[in-house]
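Each chain, written out:
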Amino acid sequence: MPTLAVNIDHVATLRQARLGVEPCPLAAAALCEMSGASAIIVHLREDRRHIQDRDVELLAECAKTEVHLEMAATKEMQAIALKNNPGTICLVPEKRQELTTEGGLKVAGREKELADFLHPFAEAGILSSLFIDPDRAQVEAARATGADYVELHTGAYANAKHVVERQTELARLLDALLFARENGLKVNLGHGLNYTNILAFAKVPGVSQYSIGHSIISRAVMVGLERAVRDMVETIRRFAE
C-alpha cells in the first residue's frame, strides 16, 4: 500500500515570518508521525527561506520515521546531507525567485554529473530520488544516474483548469509511472496534490509514496495538524481496498 510523506516546510514558513521560534517544525513532525505519516519531508533551500540547517539536524536526531531531505545538487547541500544522514535525499531544481518548485529536474544530458553526485549517498546507505516531470526521456535519464526512486511532478495535473487538460496530464503521469516501474525505479508522486485531486490515483498500482505538504498544512489551520494528516492517511488507505 502506498504511504504518506508529509512536507513540513510551511510550518517553518510561518515561523520565519516573525523570525521566531514557533511554530516548531520538530513538534509538527512528531504530530505528523503520531497521526500516521510514514516519513517527514523538508527542503533545505539555498536561500534558507523556511527550513534552516538546525531543523535538519534536529529532525535527523529525533524523528521516529524516515526523514526525506529535498535539496539542490550542490556541494554545500551534499555535505549537509551526508553529515545528517537522512533516509532519502531528493534532488530538485531550485530558482531563487520561485514561490515553489516550478517543474522537474532536467536530468537528460546530466546523467554522468548526477551519477557522480549521488555516488557518495549510495556508499553511505542513503537512498536517492530525482524529482522529474512525467516524461519518458527524463525517466530513462534518471535510471542512468543510479537513483533508487523518481518522484513524478504532479503539478501540471494539479494545476490543470479544464477536464481535458487534467485528463491529458493524468495520462502522462500514468505512462511515466508504468515506464519507470518497468525500468526498475520505485515511484513517488508529489506537488500540488490535495484531498480531492489525489482521488484520481485510487487503484493505480505502483505508487510507493505520496509527498504532500501545502494542502495538509492549509487544512491543519482549520482542523488541526493531527486530523489533517489522519484524513490524508485514511484517503490513501482506501486506495488499497
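Cut-offs applied
Residues numbered from 1 in each chain as written. Predicted model: local features only at pLDDT ≥ 70, side-chain atom pairs only at ≥ 80, totals over all residues. Heavy atoms only, no water. Salt bridge = Lys/Arg side-chain N within 4 Å of Asp/Glu carboxyl O. Helix = DSSP H or I, 4+ residues; strand = E, 2+ residues; numbered from the N terminus. Buried < 20%, exposed > 50% of the residue type's maximum accessible area, 1.4 Å probe, protein only. Contact = heavy atoms within 4.5 Å. Arc of directions from axis to C-beta. Pairing = 2+ DSSP bridges. Axes fitted to C-alpha atoms, helices over the stretch in contact; angles between N-to-C directions. Right-handed = clockwise from strand over helix to strand, strands pointing away. Phe/Tyr/Trp six-rings, centres within 6.5 Å; stacked < 30°, edge-to-face > 60°. Lys NZ or Arg CZ within 6 Å of the ring centre and 35° of its normal.

Enquirer: Help me out: how do you make sense of the pattern of salt bridges in this one?
Expert: Close approach of charged atoms lets side chains of opposite charge pair. All chains considered together, the criterion is met by 16 salt bridges. Residue Asp 116 is joined to Lys 112 by a salt bridge in which the shortest nitrogen-to-oxygen separation is 2.7 Å. Here Lys 112 and Asp 116 lie together in helix α5 (residues 111-123), a separation of four residues that amounts to about one turn. Between Arg 227 and Asp 231 there is a salt bridge, with the nearest N and O atoms lying 3.5 Å from each other. Note that Arg 227 and Asp 231 are positioned in helix α10 (residues 225-239) at a spacing of four residues, about one turn of the helix. Note on Asp 231: relative accessible area 25%, which makes it partly exposed.

Enquirer: It is not clear to me how the environment of Ile 216 should be interpreted in this structure. Could you clarify?
Expert: Locating Ile 216 in the fold gives a position in helix α9 (residues 214-223). According to the relative accessible area criterion, Ile 216 is buried, its value standing at 0%. Residues Ile 216 and Ala 72 lie 144 residues apart in sequence; the distance between their C-alpha atoms is 24 Å. Not counting residues up to four positions away in its chain, the partners in contact with Ile 216 are Leu 4, Val 6, Tyr 195, Leu 225, Ala 228, Val 229 and Met 232.

Enquirer: What is the right way to read helix α1 (residues 9-16) from this model?
Expert: Helical geometry note: an α-helix holds 3.6 residues per turn, so side chains three or four residues apart project in the same direction. For α1, every residue scored as buried is listed here: Asp 9, Val 11, Ala 12, Arg 15 and Gln 16. Looking down the long axis of α1, one finds its buried residues gathered within 160° of arc, a one-sided arrangement. Taken together, the buried residues of α1 touch β1 (3-7), α2 (25-34), β2 (39-43), α3 (53-62) and α9.

Enquirer: What am I meant to see in the sheet that holds strand β4 (residues 88-91) here?
Expert: Hydrogen bonds along the backbone pair up the strands of a sheet, which may run parallel or antiparallel. With parallel pairing, the eight strands of this closed barrel are ordered in space as β1-β2-β3-β4-β5-β6-β7-β8. Geometrically, the sheet is characterised by an average inter-axis angle of 25° between neighbouring strands, direction not taken into account. Direction of pairing for strand β5 (residues 127-132) relative to strand β6 (residues 149-153): parallel, over a ladder of four bridges. What sits directly across from Ile 132, in β6, is Leu 152. On top of the sheet, α5 reaches β3 (66-71), β4 and β5; it is set at about 165° to β4, its chief contact.

Enquirer: What should I look at first to understand the pairing of β6 in this one?
Expert: Every other side chain in a regular strand lies on the same face of the sheet, so the side chains alternate between the two faces. Counted residue by residue, β6 has five buried out of five residues, so it is predominantly covered. Burial along β6 is two-sided: the face carrying Tyr 149, Glu 151 and His 153 and the face carrying Val 150 and Leu 152 are both buried. Crossover handedness for the path β5 to helix α6 (residues 136-145) to β6: right-handed.

Enquirer: Honestly, the packing of aromatic side chains in this entry has me stumped. Any pointers?
Expert: Given two aromatic rings, their pairing is described by the distance between the two centres and the angle made by the two planes. Within the structure shown, the criterion is met by four aromatic pairs. Look at Phe 117 and Phe 121: their rings are 6.0 Å apart centre to centre, the planes differ by 45°, and that puts the pair in the tilted class. Pair noted here: Phe 117 and Phe 121 are both in helix α5, with a separation of four residues, about one helical turn. With respect to burial, Phe 117 and Phe 121 carry one shared label: buried. Feature note: the residues Tyr 157, Phe 201, Tyr 210 and Phe 239 constitute an aromatic cluster, connected by ring pairs. The cationic tip of Arg 219 hangs over the ring face of Tyr 195; the distance from NZ or CZ to the ring centre is 5.2 Å.

Enquirer: I'm lost on the pairing of β3 in this one. Help?
Expert: With respect to burial, β3 is a largely interior element, five of its six residues being buried. In this sheet, β3 lies alongside β2 in parallel orientation, the contact comprising five bridges. Considered in β3, the bridge of Val 42 is made with Leu 69. Taking the sense of rotation as the criterion, the β-α-β connection linking β2, α3 and β3 turns out right-handed. Running through helix α4 (residues 75-84), the crossover from β3 to the neighbouring parallel element β4 is right-handed.

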